[in-house]
Amino acid sequence: MQTATRAFGGSALRAGSRLTSQTALKTAYRCNSTASAPAKKSFSKWSLFKGVVKFGTVAFIGYGGYAMYEHRHPVAQAEVDPTKKTIVVLGSGWASTSFLKAVDTDEYNVVVVSPRNYFLFTPLLPSCTVGTVDVRSLVEPIRFITRHKSRDVKVYEAECTDIDPDNKVITIVDNSDVKGTKAQSTINYDYLVIGVGAQNQTFGIKGVQEYGCFLKEVWDAQKIRSRLMDCIETAGFPGQAPEEVERLLHMVVVGGGPSGIEYAAELHDFLIDDLTTWYPDLVGKLKITLVEALPNVLPAFSKQLIDYTESTFKEQNITIHTKTMVKEVREKEIVVQRPDGKQDTIPFGLLVWATGNTSRPLIRDLMAKFPESQTVRRGLAVDDWLRLEGSESIFALGDATATKYAPTAQVAAQQGKYLARLFHQMSTRDELESQIAAGSAEDRAKKERKLQKAKDIKPFEYSHQGSLCYVGSDKAIADLPFGPGNLASGGVATYAFWRSAYISNLFSGRNRALVITDWLKKTAMGRDISRE
């Protein structure tokens, strides 16, 4: 009995010992588990920011790659439809190119006629004259746009020399250096869109065409670049007379509008940032003078920004002569009339003429064919729907017209987009009219309501987005609509806004990438000072 009791007690003790051991193990396990469990992470804004940046970078690279692939591999286009009406577009500037990007080629056959087969982003053209931006970065071949339309768009690099509004025919001429057996042809149209722009205004002043440089086309920027470097290199020629060196290094800009101001600013940056380093013997001898006939520069800007620009130019040693009219341009000097009425001469090495626009010969010829309705000398008179006064089938936009709006790229671009919407509404109207004529009485009632809506075409209304101008030394000015008035600002921060605004307004991702690359190259390695 005692043996049994001892056995039972021993078993109980052993069982209790095992329970105690298991409890201890579980407790230790729980402690170890608690000790080894990772601490709960707190929210980190820095981690969130890094995640967003990584995701954004991947998304940007992916979208960029897709956009490049899509650009290089356009889809197949439908052929020209003889049942559709034909729109002939003259020109490849802001107005015409904006229209081409927006027009629906499913509704019309489109033909483009222009003496140049590309669109030029003119606001940055002053930067090309000194090598801040390469010219190739600012051009967008028209076929890069038309090849991505749903229907085939014919593009002819030619100049329109005559418009026959009675027979709806235009005459075009091949003006390239290389010509084939046929250098002239005619094209029929149902609608004609005139966006040929304007040419440089010389006011009939003698010598401007022979001795001045304009700032409107690619070849103008290239010509200015060559002449600028010629003046600098010739000034360093051994034995050059001091007065001749002074003349050669005197750069004169005529015109105090945005183009003239921006060119003078870019020229100042080039002379200060680059030429003083590589031509130390010419330091202090380079001069820039701006001549303006009006009482002040930048008449479209607020007085606050005009004063800011003039003070900035004074700091940069750029001389401004206001109320000064150019009377004659000679080979090495210009004759000016001072505010007091006396005439004086200003020697120059380089003369840049940036005074405004006047009508092209084609526009003047067309105006002569509508003597009763085309009575405004500065351009084509159009109605509120951009239709040529005196014609039902001709539309005009951009600098070729005489409207209440300033002849700016902003106005021309908005007119092009509006005209594309107008043509879409006209197509809808024509289609509804044909359906009503062939439809039943029940369908006719429904579609007549739609037709009335399609016929209600709103006139063009310009929405001003503000004015920008670069004034040199990494400073810019901006006159922006804000509430009931305008917001005027100037300085380095405005310069950053100026750059971002121009980048966003470039017509393609290709141009944006090229311009940004040019700016980075200029910052890292400076501008190229070679002549070509």
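Parameters at a glance
- Position numbers for residues start from 1 in each chain and track the written sequence from start to end.
- For a predicted model such as this one, the threshold for reporting local features is a pLDDT of at least 70, and the threshold for listing and counting side-chain atom pairs is 80 or more; totals across whole chains, interfaces and linings nevertheless cover every residue.
- Computation of side-chain values covers all heavy atoms of the structure but excludes hydrogens and water.
- Any two strands with at least two DSSP bridges between them are considered paired.
- Counting from the N terminus, the helices are DSSP H or I runs at least four residues long and the strands are E runs at least two residues long.
- For helices, the fitted line uses only the C-alpha atoms of the stretch in contact; every axis is such a line through C-alpha atoms, and the angle between N-to-C directions lies from 0 to 180 degrees.
- In this text, buried Ala, Val, Leu, Ile, Met, Phe, Trp, Tyr and Cys residues form a nonpolar core when linked through side-chain atoms within 4.5 Å.
- Relative accessible area decides the class of each residue, using a 1.4 Å probe on protein chains only: under 20% of the type maximum gives buried, over 50% gives exposed, and in between gives partly exposed.
- Domain ranges listed in this record stem from an automatic or a database domain assignment.
- Contacts between residues were defined by any pair of non-hydrogen atoms, one from each residue, lying within 4.5 Å.
- When a carboxyl oxygen of Asp or Glu lies within 4 Å of a side-chain nitrogen of Lys or Arg, that pair is called a salt bridge.
- In this description, the term disulfide denotes a pair of cysteine sulfurs within 2.5 Å.
- A helix is expected to span 1.5 Å for every residue after the first.
- Only Phe, Tyr and Trp rings take part, Trp by its six-membered ring, and two of them pair if their centres are within 6.5 Å. Stacked means planes under 30 degrees apart, edge-to-face means over 60, and tilted covers everything else.
- In this scheme, a crossing is called left-handed if the near helix is turned counterclockwise away from the far one by less than a right angle; it is called right-handed if the turn is clockwise.
- Accessible surface is computed with a 1.4 Å probe, and the buried area is the amount of it that two parts give up when combined, taken over both parts together.
- The definition of a polar contact used here is a pair of N or O atoms within 3.5 Å, where within protein one atom must be able to donate a hydrogen and the other to accept one, and adjacent residues in sequence count solely through side-chain atom pairs.
- Residue polarity is assigned by list, with Asp, Glu, Lys and Arg as charged and Ala, Val, Leu, Ile, Met, Phe, Trp, Tyr, Cys and Pro as nonpolar; anything else, Gly included, falls into the polar class.
- Roughly parallel means an angle under 35 degrees; roughly antiparallel, over 145; roughly perpendicular, 65 to 115; everything else is oblique.

Asker: How do you make sense of the sheet that holds strand 16 (residues 333-337) when you look at a structure like this?
Answerer: What links the strands of a sheet is backbone hydrogen bonding, and the strands pair in either a parallel or an antiparallel sense. An order of 15-16-17 is seen for the three strands of this open sheet, with the pairing classed as antiparallel. The open sheet has two edge strands, strand 15 (325-329) and strand 17 (343-347), and neither has a second partner. Pairwise comparison of adjacent strand axes, ignoring direction, gives a mean angle of 30 degrees for this sheet. Taken together, the four bridges between strand 15 and strand 16 define a ladder with antiparallel strand orientation. Looking at the pairing, E328 lines up with V335 of strand 16.

Asker: Honestly, the pairing of strand 17 in this entry has me stumped. Any pointers?
Answerer: On a regular strand, one side chain projects to one face of the sheet and the next to the other, so that they alternate. Where strand 16 meets strand 17, five bridges bridge the pair, whose relative direction is antiparallel. Residue pairing in the sheet places Q337 in a bridge with Q343 of strand 17. Between strand 16 and strand 17, which pair antiparallel one after the other, the connecting turn spans five residues, and G341 there sits at a positive phi close to 95 degrees.

Asker: Looking at this structure, how should I read the nonpolar core?
Answerer: Counting 119 residues, the largest nonpolar core has L90, I163, I170, I194 and F423 as the members making the most contacts within it. When residues of this core are sorted by domain, at least three fall in each of domain 1 (86-115 + 158-198 + 359-455) and domain 2 (208-358 + 465-525). The residues touching I170, leaving out its near neighbours within four places in the chain, are V88, L90, V113, C160, D162, I163, S185, T186, I187, Y189 and L192.

Asker: Would you mind going over the pattern of salt bridges with me for this structure?
Answerer: Two side chains carrying opposite charge are able to pair once their charged atoms lie near each other. Under the definition given, this model contains 19 salt bridges. Note that D430 is salt-bridged to K85, the shortest N-O span being 3.6 Å. With D430 in helix 12 (residues 409-438) and K85 in the loop between helix 2 (45-72) and strand 1 (86-90), this pair connects stretches of sequence that are 345 residues apart. For D430, a relative accessible area of 23% gives the class partly exposed.

Asker: I keep staring at the state of the cysteines and nothing clicks. Help me out?
Answerer: A covalent bond between the sulfur atoms of two cysteines is referred to as a disulfide. The full count for this structure, using the stated rule, is zero disulfides. Its sulfur unpaired, C213 is 8.8 Å from the next cysteine sulfur, which belongs to C231. Residue classification places C213 among the buried residues on the basis of a relative accessible area of 0%.

Asker: How should the sheet that holds strand 13 (residues 287-291) be read in this particular structure?
Answerer: Judged by pairing direction, the sheet is parallel, and its five strands sit side by side in the order 11-18-12-13-14 without closing on themselves. Looking along the sheet, the strands with just one partner apiece sit at the ends: strand 11 (213-214) and strand 14 (318-321). Pairing analysis gives two bridges linking strand 11 to strand 18 (residues 350-353), with the strands arranged parallel. By the bridge assignment for strand 18, C213 is matched with V352.

Asker: I would appreciate a short explanation of the environment of W519 in the present structure.
Answerer: Relative to the elements of secondary structure, W519 occurs in helix 15 (residues 509-525). Residue W519 is classed as buried on the basis of its relative accessible area, which comes to 7%. Ignoring sequence-local partners within four residues, the contact set of W519 consists of L124, T132, V133, R499 and I503.

Asker: Please explain helix 14 (residues 492-505) as it appears in this structure.
Answerer: An α-helix turns once every 3.6 residues. As a result, residues three or four positions apart point the same way. The end-to-end C-alpha separation of helix 14 is 20 Å, in line with the 20 Å expected for 14 residues at 1.5 Å each. Three or more residues of helix 14 are buried, namely T494, Y495, W498, R499, A501, Y502 and I503. Those residues of helix 14 that are buried are in contact with helix 9 (258-278), strand 21 (467-472), strand 22 (475-482), strand 23 (485-491) and helix 15.

Asker: Honestly, the packing of aromatic side chains in this entry has me stumped. Any pointers?
Answerer: Given two aromatic rings, their pairing is described by the distance between the two centres and the angle made by the two planes. Tallied over the entire structure, the rule returns 19 aromatic pairs. When the ring of Y470 is compared with that of Y495, the centres are 5.2 Å apart and the planes differ by 40 degrees; the resulting orientation is tilted. Separated by 25 residues along the polypeptide, Y470 in strand 21 and Y495 in helix 14 bring together distant segments of the chain. You can call Y470 buried: its relative accessible area is 2%. For Y495, a relative accessible area of 11% corresponds to the buried category. When the centroid spacing of 5.7 Å and the interplanar angle of 20 degrees are considered together, the rings of Y495 and W498 count as stacked.

Asker: Whenever I open this one, the packing of helix 3 (residues 94-102) against helix 12 confuses me. Can you help?
Answerer: Geometry of a packed helix pair, given as the angle between the helix axes and the separation of the axes. The geometry of helix 3 relative to helix 12 is characterised by a closest axis approach of 7 Å and an angle of 35 degrees between their N-to-C directions. Note on packing geometry: the crossing formed by helix 3 with helix 12 is right-handed. Taken together, the residues of helix 12 that come into contact with helix 3 (itself represented by W94, A95, S98, F99 and A102) are A409, A412, A413, G416, K417, L419, A420 and F423.

Asker: What am I meant to see in the domain arrangement of the protein chain here?
Answerer: Split by domain assignment, the protein chain resolves into domain 1 (86-115 + 158-198 + 359-455) and domain 2 (208-358 + 465-525). Domain 1 and domain 2 are separated by 36 Å when their C-alpha centres are compared. Listed per partner, the contact involves eleven residues of domain 1 and eight residues of domain 2. Counting the surface lost from both domain 1 and domain 2, the interface buries some 750 Å², and carbon and sulfur atoms represent 48% of this. Counting across the interface, domain 1 meets domain 2 through zero salt bridges. At the boundary of domain 1 and domain 2, one finds two residue pairs in polar contact (both at pLDDT 80 or more). If you list the elements that add at least two residues to the side of domain 1 that touches domain 2, you get helix 3 and helix 12. In terms of residue count, the dominant contributor to the side of domain 1 that touches domain 2 is helix 3 (four residues). The residue makeup of the side of domain 1 that touches domain 2, split by class, is three nonpolar, five polar and three charged.

Asker: Can you help me understand the packing of helix 7 (residues 218-235) against helix 9 in this one?
Answerer: Following both chains from N to C, one finds helix 7 and helix 9 inclined at 45 degrees, their axes separated by 14 Å at the closest point. One finds that helix 7 runs oblique with respect to helix 9. Where helix 7 crosses over helix 9, the handedness of that crossing is right-handed. Facing helix 7, whose interface residues are I224, R225, L228, M229 and I232, helix 9 presents Y263, L267, F270 and L275. Residues of the contact of helix 7 with helix 9, tallied by class, amount to eight nonpolar, no polar and one charged.

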